[in-house]
Amino acid sequence: MRDPLAGLADVPWRQLNHADGVAADVPDRLRMLRSEHLDTRSGALTWLAKVPGSTAGAAVVDFLVALIDDPATPDRESLVSLLHDIALRDVDLPLPDDFEPDDAFLAARKHVGSYASWLADPLVAAQAAELLAYFPASQQVVDALLASAAPASANLTLGYVHGFPSVDTHLTTALASSSRDVRMTAAVALAFRLGADLPESALDLLVDEAPPPAPPGWDRSMRGFVTLALRRVGL
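Described below are features of the structure shown in this document. (Residues numbered from 1 in each chain as written. Predicted model: local features only at pLDDT ≥ 70, side-chain atom pairs only at ≥ 80, totals over all residues. Heavy atoms only, no water.)

This part takes up the overall build of the chain. In terms of regular secondary structure, the chain is built from 13 helices and 2 strands. Here the chain has a C-alpha radius of gyration of 19 Å; the compact-globule value for 235 residues is 18 Å, and the two agree. Each principal axis of the C-alpha atoms in the chain carries an extent, and together these give about 60 × 35 × 30 Å. Taken over 235 residues, the chain has a buried fraction of 49%. The contacts of the chain with a sequence gap of at least 6 include a subset with a gap of at least 24, amounting to 63%. Accessible surface, the chain as shown: approximately 11,200 Å² in total, 51% of it carbon and sulfur. Looking at charge distribution, the chain has the averaged site of its 18 positive side-chain charges lying 2 Å from that of its 31 negative ones. (Helix = DSSP H or I, 4+ residues; strand = E, 2+ residues; numbered from the N terminus. Rg over C-alpha atoms; globule rule 2.2 N^0.38 Å. Buried < 20%, exposed > 50% of the residue type's maximum accessible area, 1.4 Å probe, protein only. Contact = heavy atoms within 4.5 Å. Areas by Shrake-Rupley, 256 points an atom, 1.4 Å probe, with all protein chains shown as cover. Lys, Arg positive; Asp, Glu negative; His and termini not counted. Charge placed at Lys NZ, Arg CZ, Asp CG, Glu CD.)

Next comes the structure, spelled out in structure tokens:
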């Protein structure tokens, strides 16, 4: 596999910044994410929390995605969390009509194919599904979500996908799952997609069943999702 940090020296880091100033020290922290020493990696992750909202964000996004793409990279789930913080920051779903993406968001949008591939990896599949909720879905992305190793998280993302009739069929079937989080997220997603046309079986789940914890990667509680779903159907 290609070195995920190839090209690091080609970025004009001295022309970029982070929260503490010039970003010339970013490359060393990115290299530390590959260290065999946990303390070194943890320190680099903490330090890179300076990047969100800075002009270095877009460049860092590209290298984080390359690192996560490589199965040999340690702590990949932590890197997905960092990627989320840099690329999405305080962006809420659904994206407002007047949403104006910054450079880091635009950089992240270029890597949707990578996020779709992560859906097959149980270590990062739930977080990958959440990332995909912010970007337009293609048939390839929808197919990957339908087959995700983290179906509950994928269900929530499918609730933000427009079109693709196979999604409604998939979610309706998932209402009968033996897994409570899969059932509940399917009901939420159907409510987001269908509104007042929500099947009665899905409405019963939303009203009668206690919400489980939200899947990894999602900041909103499942109870919060249920509240939004009931509001969407007019209750």
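Moving on, there is more to tell.
Now for helix α2 (residues 38-47). Structural remark: α-helix, 3.6 residues per turn; residues separated by three or four positions point the same way. Those residues of α2 not exposed but buried are Arg-41, Ala-44, Leu-45 and Trp-47. With its buried residues spanning 165° around the axis, α2 presents them on a single face. Of the exposed residues in α2, the ones pointing more than 90 degrees away from its buried face are Asp-39 and Thr-46. Next to the buried residues of α2 lie β1 (17-18), α1 (26-32) and α4 (76-87). (Arc of directions from axis to C-beta.)

Right, let's talk about the packing of helix α9 (residues 151-158) against helix α11 (residues 180-194) for a bit. Running from amino to carboxyl end, α9 crosses α11 at an angle of 5°, the nearest separation of the two axes being 8 Å. As summarised for this structure, α9 and α11 are arranged roughly parallel, according to the angle between their axes. Residues Pro-151, Ala-152, Asn-155, Leu-156 and Leu-158 of α9 form the contact with α11, whose own contacting residues are Asp-181, Val-182, Thr-185, Ala-186, Val-188, Ala-189 and Arg-193. Grouping the constituent residues of the contact of α9 with α11 by class yields 8 nonpolar, 2 polar and 2 charged. (Axes fitted to C-alpha atoms, helices over the stretch in contact; angles between N-to-C directions. Parallel < 35°, antiparallel > 145°, perpendicular 65-115°, else oblique. Nonpolar A, V, L, I, M, F, W, Y, C, P; charged D, E, K, R; others polar.)

The next subject is the packing of helix α3 (residues 57-69) against α4. Where α3 meets α4, the closest approach of the two axes is 10 Å, and the angle between their N-to-C directions is 155°. One element, α3, and the other, α4, form an angle in the roughly antiparallel class. Relative to α4, the crossing made by α3 is left-handed. Two secondary-structure elements touch here, α3 through Gly-57, Val-60, Val-61, Leu-64, Val-65, Leu-67 and Ile-68 and α4 through Arg-76, Leu-79, Val-80, Leu-82, Leu-83, Ile-86 and Ala-87. Split into classes, the residues belonging to the contact of α3 with α4 amount to 12 nonpolar, 1 polar and 1 charged. (Left-handed = near helix turned anticlockwise from the far one by under 90°.)

Ranked by size, the top nonpolar core spans 84 residues in total, and within it Trp-13, Leu-30, Tyr-115, Trp-118 and Leu-206 carry the most contacts. With residues up to four places along the chain from it excluded, the contact list for Tyr-115 reads Val-65, Leu-83, Ala-108, Ala-128, Leu-131, Leu-132 and Phe-135. (Core = buried A, V, L, I, M, F, W, Y, C linked by side-chain atoms within 4.5 Å.)

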